[in-house]
Amino acid sequence: MGEHSREHLSRKDSIWIQTGREGQELDAGSATGKSLGVFTSGGDSQGMNSAVRAVVRMGSFLGCKVYYIKEGYQGMVDGGDHIIEASWASSSGIMQKGGTVIGSARCADFRQREGRLKAAKNLIDKNITNLVVIGGDGSLTGANLFRQEWNSLLDELKATDRITDEQRKSCSSINIVGMVGSIDNDFCGTDMTIGTDSALHRIIESVDSISTTASSHQRAFVLEVMGRHCGYLALVAALATEADWVLIPECPPDKGWEKTLCKKLSAEREMGLRLNIVIIAEGAIDIEGNPITANMVKDLITNELKYDTRVTVLGHVQRGGKPTAFDRILGARMGAEAVLALMDAKPDTPACVVSLDGNQTVRVPLMECVERTKSVQEAMNKKNFQEAVRLRGKSFQNNLATYLRLSKLRPPKVMCDPTGQVCSSGKKLAVMNIGAPACGANAAVRSFVRFALTKGYTVLGIHDSFDGLLYGDMTQIVDPVKPIGWTDVHGWTCQGGSLLGTKKCTAARYGLDKVAEKLKEHDISGLLIIGGFEAYHSALQMAEARSKYDAFCIPMVVIPCTISNNVPGTDFSLGADTALNEIADICDRIKQSATGTKRRVFIVEVMGGYCGYLATMAGLAGGADAAYIYEDPFNITNLRDDVVHLKNKIIQLGVQRGLILRNENANANYTTDFIHQMFSEEGKGSFTCRKNVLGHMQQGGVPSPFDRNYGTKMASKAVDYMITKVEENTTEDGKIKSCTKDSAVLLGMCRRQLLFTPLEDLRGITDFDKRIQHDQWWLRLRPLLRILAKHSEVAYQTEGVPLGVDEVEDEDNA
């Protein structure tokens, strides 16, 4: 890897990541003398503890006094032992816990001015003039009102001699920064709220489990999920589980939906499907605004179709359990950014919410978001459901449109027959997997097949990658290149691995002339390749050989799918989220195994090749003390310093367990065995050491909700793009001649949107030897990992960009 790729990282006196925007470098102790309070309010959600932990540790790093305000607004009103100073050690061991360890409660007292007077007095007594609020829109609205009244509250407290002149002067203003903790994802201005991903995991685990018993007995199940005013959970769960029907408040079914539902379920049974799944949000309504309940749907199916139908109400199961890796990392990033936003705030700075836009944390005006959120409900009250869907944002709109297209019983008769062999366009698109298997690939294939069929295009499935394409007669697969029908991909979304089969070889290894000959033989008009670095490299090789082989002059799209997340041109690859959850879960169990064992440090090796994404992000999700990766060079001095740092934490702070992650190719000499032996030797008398190599467990498992949804929507966009290019480049004799660089592209998430990037443009940012991109966004999070592990030799720069709510909602992201 060249110097160009490493120049932004340096292990000298500090680590400082330049984000490319003007901003102030923040060092340890730079905010000494300030005080801030953090509290959780309203309903609990998984990931709140990660956010609380990050607030405490980032605040401590900057030199602030940080206070827990227990039991939300009620604790602020009651004061006393409800407002206690937090320490680094007091936030240890909470990241993997669900709910909120500092408590949450509804508070009628705070709604009255006298209650807010008490709250102000209690905060002033602790010199707290900065608040981090983690809750829903009601909690955030209350905080903003508190801020607006602050001066009048102080005046009243001073007039009644409850505070002194000095206190009135030193606490003359209060700043508020919010984070949205809600499983419903019902807050406008953020792509995801803290807890939503974990709730989706609970729902999908339940649906997957129910599907097996439903299929065994040919039953229909009606599942009620949370979402009194927002159907996000129900909608995304329906997409991720291939549910037959979904009912959400923002998009009520048309009149006569009962007959349509029964007709569809009956037709599916006639096609041989043994189960039916209907997902309903608890706030579902019909077009007239009347409630639709799970029992109503159950009675309808039972009475009309005579199916054995059961109702499952998931209830608070969705809010329980430990947080996913996504929610842990989201909470950590948002918590750190909230503290930095408070440090940047001036007395006249409007209250803001730290939100997620694509892969970036942003700061959005609090009340602008609250008003937009309220306007959604107002639109539904007026039965203007189209406007309600629009106000939910592009992500919600895309989810809904994608589900409606995928959930059809069969493709339109005028476009294609269900087998996929007779289609109106007469053209064939092909799909194949290249590289190591990763979760989400099957969801993408299903989506690609069904969307292409609805457009009148036959889809050829190429089994076993280039082996199937070139040597079909020598494989054990019957017809390794054959059309895939609508029902052939039923149930693929929830399957891990690659049902098409895959190989880790590039096109050039097989011979580009042979590959071109086979593509021409099968008359393929467009090619989708789903896979890792080999998929990207193969497509690039074929694109660069277009001058020699006309068969490559077709639209080619690559969807990155690898747990390593090492493919250039995208911030996220399919499969990486599932792998992160596997690693976080395993690390939780590894640490739990030491319960009762004093002072133990675990050295854990994770996959990733030369890419340190898994090690870094799993380190954030697992609360690691260090994560060693290739992109961030380290030496024996750094290892020694980390041993000393661990010993100090264990001896001085009473920490009982440590976690060190190492990327498998972090350093040829400082191997996992070497680090294990060094820590074991140098830690004698302070801690014992154990080693774990996670291996292929990271590639297994059931696809996460994110990977299912991401793969589905990526393939949807790929189909539309590919068909557009096919139609633009069809000659008069019906042949495809597409040789422009924008017809060989990689589809990826780039900061805030899904983009098609020409493969030719990616060559210059690729290290083909190490199979990584020269620079990656997640490297900027490495200082946060060290700050949260109590390293002080770090400098940190805010990543949050100020945006308006419209700028967030208008982005076409996943």
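See above for the structure.
Residues numbered from 1 in each chain as written. Predicted model: local features only at pLDDT ≥ 70, side-chain atom pairs only at ≥ 80, totals over all residues. Heavy atoms only, no water.

Q: Please set out the overall build of the protein residue by residue, giving values where relevant.
A: Assigned secondary structure in the protein consists of 27 helices and 27 strands. The C-alpha radius of gyration of the protein comes to 28 Å, within 12% of the 28 Å expected for a compact globule of 814 residues. In terms of its C-alpha atoms, the protein occupies a principal-axis envelope of roughly 90 × 70 × 50 Å. In the protein, which comprises 814 residues, the proportion classed as buried is 61%. The long-range share in the protein, meaning contacts at least 24 apart out of those at least 6 apart in sequence, stands at 80%. Surface exposure of the protein reaches about 30,100 Å², of which carbon and sulfur atoms provide 47%. (Helix = DSSP H or I, 4+ residues; strand = E, 2+ residues; numbered from the N terminus. Rg over C-alpha atoms; globule rule 2.2 N^0.38 Å. Buried < 20%, exposed > 50% of the residue type's maximum accessible area, 1.4 Å probe, protein only. Contact = heavy atoms within 4.5 Å. Areas by Shrake-Rupley, 256 points an atom, 1.4 Å probe, with all protein chains shown as cover.)

Q: Residues and numbers for the packing of helix α7 (residues 196–217) against helix α8 (residues 232–241), please.
A: Taken N-terminus to C-terminus, the directions of α7 and α8 make an angle of 50°; their axes are 10 Å apart at the nearest point. With respect to α8, the element α7 is oriented oblique. For the element pair α7 and α8, the recorded crossing hand is right-handed. For the pair formed by α7 and α8, the contact residues are T196, A199, L200, I203, I204, V207 and D208 on the first element and Y232, L233, V236, A237, A240 and T241 on the second. (Axes fitted to C-alpha atoms, helices over the stretch in contact; angles between N-to-C directions. Parallel < 35°, antiparallel > 145°, perpendicular 65-115°, else oblique. Left-handed = near helix turned anticlockwise from the far one by under 90°.)

Q: So what's going on with the side chain of D197? Which residues, and what values?
A: Inspection of the secondary structure puts D197 in helix α7. We note that D197 is buried and unpaired, the nearest opposite charge coming from R202 at a distance of 8.1 Å. At 2.7 Å, the side chain of D197 forms a polar contact with the side chain of T324. Residue contacts for D197: discarding those within four places in its chain leaves M192, T324, F326, D327 and F706. (Lys, Arg positive; Asp, Glu negative; His and termini not counted. Salt bridge = Lys/Arg side-chain N within 4 Å of Asp/Glu carboxyl O. Polar contact = N/O pair within 3.5 Å; in protein donor to acceptor, adjacent residues only side chain to side chain.)

Q: Quick rundown of the pattern of salt bridges? Include the residues and the values.
A: Counted under the stated rule, the structure contains 41 salt bridges. We note a salt bridge from D44 to R319, for which the minimum N-O separation is 3.2 Å. A residue pair is termed long-range when its members are at least 10 positions apart, and D44 in the loop between β2 (35–40) and α2 (48–61) and R319 in the loop between β10 (309–313) and α11 (325–344) qualify at 275 residues. Overlapping salt bridges, with partners in common, bring together K322, R328, D585, D588 and R589 in one network.

Q: Report on α2, specifying residues and quantitative values.
A: Along its 14 residues, α2 runs 20 Å from first to last C-alpha, staying within 8% of the 20 Å computed at 1.5 Å per residue. Of all 14 residues making up α2, 13 are buried, and the element is well covered by its neighbours. With its phi angle positive at about 95°, G63 sits one or two positions after the end of α2. (Expected span 1.5 Å × (residues − 1).)

Q: Give a description of the packing of α11 against helix α20 (residues 576–592) that names residues and reports values.
A: Helix packing for two helices is described by the angle between their axes and how far apart those axes are. Two elements in contact, α11 and α20, have axes separated by 8 Å at closest approach and are oriented at 85°. When the interaxial angle is binned, α11 and α20 end up roughly perpendicular. On the side of α11, the interface is formed by A325, F326, R328 and I329, while α20 contributes D577, L580, N581, A584 and D588. Grouping the amino acids of the contact of α11 with α20 by side-chain chemistry returns five nonpolar, one polar and three charged. (Nonpolar A, V, L, I, M, F, W, Y, C, P; charged D, E, K, R; others polar.)

Q: So what's going on with the packing of aromatic side chains? Which residues, and what values?
A: Here the structure, examined in full by the defined rule, presents 20 aromatic pairs. Look at F110 and F146: their rings are 5.3 Å apart centre to centre, the planes differ by 65°, and that puts the pair in the edge-to-face class. With a gap of 36 residues between them, F110 in the loop between β4 (83–85) and α4 (113–125) and F146 in helix α5 (residues 137–159) connect regions that are remote in the sequence. Summarising the burial analysis for this pair, F110 and F146 share the class buried. The rings of F39, Y73, F110, F146 and W150 are connected pair by pair, giving a single aromatic cluster. Positioned over the ring face of W88 is R57, at 3.6 Å from the centre of the ring. Positioned over the ring face of Y307 is R269, at 4.1 Å from the centre of the ring. (Phe/Tyr/Trp six-rings, centres within 6.5 Å; stacked < 30°, edge-to-face > 60°. Lys NZ or Arg CZ within 6 Å of the ring centre and 35° of its normal.)

Q: Help me get a handle on the environment of S680, residues and values and all.
A: Within the secondary structure, S680 is located in helix α23 (residues 672–682). For the pair S680 and R600, spaced 80 residues apart in sequence, the C-alpha to C-alpha distance is 9.9 Å. At a separation of 2.7 Å, a polar atom in the side chain of S680 contacts the main-chain carbonyl oxygen of H676.

Q: Could you give an account of the sheet that holds strand β22 (residues 744–750), naming the residues involved and the relevant values?
A: Spatially, the seven strands line up as an open sheet ordered β15-β14-β13-β16-β17-β22-β23, and their pairing is mixed. A single partner strand is all that each edge strand has here, and the edge strands are β15 (481–483) and β23 (753–758). Direction aside, the axes of adjacent strands within the sheet are offset by 25° on average. Inspection of the sheet shows strand β17 (residues 556–560) paired to β22 by three bridges, in the parallel sense. Each bridged residue has a counterpart across the sheet, and for M556 the counterpart in β22 is A744. (Pairing = 2+ DSSP bridges.)

Q: Go over the sheet that holds strand β8 (residues 245–247) with me, naming the residues and quoting the values.
A: The strands that make up a sheet pair up through hydrogen bonds in the backbone, lying either parallel or antiparallel. Judged by pairing direction, the sheet is parallel, and its four strands sit side by side in the order β8-β9-β7-β10 without closing on themselves. Of all strands in the sheet, those with a lone pairing partner are β8 and β10, marking the two edges. If you compare each strand with its neighbour and ignore which way they point, the axes differ by 15° on average. Summarising the sheet, strand β7 (residues 220–225) and β10 pair through five bridges and their orientation is parallel. Bridging across to β10, V222 finds its partner in V311.

Q: Quick one: what's the story with unusual backbone geometry, residue by residue and with numbers?
A: Phi is positive for K306, close to 65°, though the residue is something other than glycine. Here the phi dihedral of K383 falls at roughly 60°; this positive angle occurs in a residue that is not glycine. Among the structural elements, K383 can be located in the loop between α12 (366–381) and α13 (385–392).

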